[in-house]
Each structure stands twice: as structure tokens, then as C-alpha cells.
Amino acid sequence: DQQVKQNSPSLSVQEGRISILNCDYTNSMFDYFLWYKKYPAEGPTFLISISSIKDKNEDGRFTVFLNKSAKHLSLHIVPSQPGDSAVYFCAASARENTGNQFYFGTGTSLTVIP
Amino acid sequence: NAGVTQTPKFRVLKTGQSMTLLCAQDMNHEYMYWYRQDPGMGLRLIHYSVGEGTTAKGEVPDGYNVSRLKKQNFLLGLESAAPSQTSVYFCASSYSRVGNYGYTFGSGTRLTVV
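Residues numbered from 1 in each chain as written. Chains lettered and ligands numbered in written order. Predicted model: local features only at pLDDT ≥ 70, side-chain atom pairs only at ≥ 80, totals over all residues. Heavy atoms only, no water.

Visitor: Break down the nonpolar core for me, with residues and values.
Guide: Val 4, Phe 30, Phe 33, Trp 35, Leu 73, Leu 75 and Tyr 88 of chain A are the most contacted members of the largest nonpolar core, which has 25 residues in total. Of all the secondary structure elements, the ones that give two or more residues to this core are β3 (19–25), β4 (30–38), β5 (45–51), β7 (62–67), β8 (72–77), β9 (86–94) and β11 (108–113) of chain A. The element that contributes the greatest number of residues to this core is β9 of chain A, accounting for five residues. Ignoring any residue separated from it by four or fewer positions in sequence, one finds Leu 73 of chain A in contact with Leu 21, Asn 22, Cys 23, Tyr 25, Phe 33, Trp 35, Val 64, Phe 65 and Leu 66 of chain A. The next biggest cluster of nonpolar side chains, apart from the first, holds 19 residues, and it includes Cys 23, Tyr 64, Ala 81 and Val 113 of chain B. (Core = buried A, V, L, I, M, F, W, Y, C linked by side-chain atoms within 4.5 Å. Buried < 20%, exposed > 50% of the residue type's maximum accessible area, 1.4 Å probe, protein only. Helix = DSSP H or I, 4+ residues; strand = E, 2+ residues; numbered from the N terminus. Contact = heavy atoms within 4.5 Å.)

Visitor: An account of the sheet that holds strand β8 (residues 73–78) of chain B is requested, with residue identities and associated values reported.
Guide: Residue and element names in this part refer to chain B. Strand order in the open sheet formed by four strands is β1-β3-β8-β7, and the pairing between neighbours is antiparallel. Each end of this open sheet is capped by a strand with a single partner; those strands are β1 (4–7) and β7 (65–67). Looking at each pair of strands side by side, their axes are set apart by 20 degrees on average, direction ignored. Looking at chain direction, β7 and β8 are connected through three bridges and run antiparallel. Residue pairing for β8: Val 66 is matched across the bridge by Leu 76. (Pairing = 2+ DSSP bridges. Axes fitted to C-alpha atoms, helices over the stretch in contact; angles between N-to-C directions.)

Visitor: Give a description of the state of the cysteines that names residues and reports values.
Guide: Here a disulfide denotes a covalent bond joining the sulfur atom of one cysteine to the sulfur atom of another. On inspection of all chains with the given rule, the structure shows two disulfides over all chains. The disulfide bridge from Cys 23 of chain A ends at Cys 90 of chain A, spanning 1.9 Å between sulfur atoms. Here the disulfide of Cys 23 of chain A and Cys 90 of chain A is right-handed, its torsion about the S-S bond being about 70 degrees. Taken together, the residues span a long stretch of sequence, with Cys 23 of chain A in strand β3 and Cys 90 of chain A in strand β9 at a distance of 67 residues. What pairs with Cys 23 of chain B in a disulfide is Cys 91 of chain B, and their sulfur atoms sit 1.9 Å apart. One quick way to see it: the torsion about the S-S bond of Cys 23 of chain B and Cys 91 of chain B is about -75 degrees, and its sign makes the bridge left-handed. Taken together, the positions of Cys 23 of chain B in strand β3 (residues 19–25) and Cys 91 of chain B in strand β9 (residues 87–94) put the pair 68 residues apart, joining distant regions of the chain. Of the two residues, Cys 23 of chain B and Cys 91 of chain B, neither departs from the other in class, the shared state being buried. (Disulfide = S-S within 2.5 Å.)

Visitor: So what's going on with the interface of chain B and chain A? Which residues, and what values?
Guide: Across the boundary between the two partners, chain B contributes 24 residues, which contact 25 residues of chain A. Summing both partners gives a buried area of about 1,800 Å² for chain B against chain A, and 53% of it is carried by carbon and sulfur. For the pair chain B and chain A, the number of links is zero salt bridges. Joining chain B to chain A, the criterion identifies four residue pairs in polar contact (both at pLDDT 80 or more). For the side of chain B that touches chain A, the elements supplying multiple residues, two or more each, are β4 (31–38), β5 (42–49) and β9 of chain B. Of the residues that constitute the side of chain B that touches chain A, the class distribution is 13 nonpolar, nine polar and two charged. (Buried area = accessible area lost by both parts, 1.4 Å probe. Salt bridge = Lys/Arg side-chain N within 4 Å of Asp/Glu carboxyl O. Polar contact = N/O pair within 3.5 Å; in protein donor to acceptor, adjacent residues only side chain to side chain. Nonpolar A, V, L, I, M, F, W, Y, C, P; charged D, E, K, R; others polar.)

Function-wise, these values are silent; they only describe arrangement.
Rendered as C-alpha cells:
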């Protein structure tokens, strides 16, 4: 059963507008969350993280919000740029995972229209 | 600095054939992972290793074996390939859980089993 879910397979946004990508999880033991960005024919690259002790983390145009009670996190990209067009994966890990294993969502393909 | 290197990048196998995928990292990371990516399924963990000489099963380990004889290398073996193992395989590495900076991924191996 999928422990991390991204229910929107795709999203299209105009350049300059905000992109909001959503992620839900089911395991209440998850305490660390990551977002990865993936271009075709490349491996995922780390984008931004958030720990469960925070509800927001910001890095330039990228902000991740965590709502622990709803088991939901979101990634905001402002302003969106054509180079942001990629597949975005959220991933979650629990402190009890001694191997630092992350569980990934199915990904959201973002298209930023010039 | 090469990061994480996967070989080969592409391979076509016949059902029943065997092969080994090689992952090499030059970042002195303790932890290494093998994931597979399938449409609509996201990335799923096959096996992982928390140090030289150690291996452990992930979410989907059946049909695969792994070895970590040297810290920098993590091998994924398919003893008798099946069409269900057609996928894109990603290797990743990370520091130990302390710090928890996420993974560095390789660029992937696209495997087709016919």
C-alpha cells in the first residue's frame, strides 16, 4: 500500500505564477520529508527538505509546508519558470528507519508555460 | 567529482538471462540504495546497505540480489530476468542518518526484459 501519495499526476502553470504541488502520507511515524526534481533521462535531484519539528521551510523560490495533523505537505514555487518543468517527487522517512530509507510518491509532472 | 555512477545505462535482456547492475559512488557515503521506477508507481526501494558488507531488503526485493563488498560499490543482480523486471533502476547514496541530507542519485539504468 502506497504510504506516500501524490494525487495529481500533472500540473500546468503559466510562467510567473505560483505552482503548488501536493503530497499526502499515511504513516504517522514519518518525521522527515524531501522534495526531489527529475528531468527526463536523469536521476532525481534533491530540492528541499523539512523536518516534522517545523511547519515551513523556504529556499529561494521554493517553500515547503507541512501540516502534520492532516498528514499533508505541499511545495510552492514562486514565481514559476520554464526551467522548473520536470517531475517532482515527495519522499518521507521515519526515525525508526535505521537505514535512512525514504518512501516516494508517484510524482507530479509540472509544465510551466512561457 | 562524479557523484553516483551507474553502468550500464541501457540493457535489453531475454527472459531467463542474468545480469549485474553496477553502482559506484565517490563521496564516501555509508548508505547505498537501489530503487526501481515504474509508471504510476513512483520509486520503490529494492535493497539497501548501511555499510560495507551489509545488505537489507526494501519494499520489492523478490527476484533481486545485492552485494556491497566495497564501500564505494553496490551491485544489483538479476539471476533470472522476467518481463516484470522491465523498469528504470536508480542507485542512490547518502550519509548516515545524522544530518539526513537525502540521497544523491545516479542517472539510471533502463532495463527491458523481452
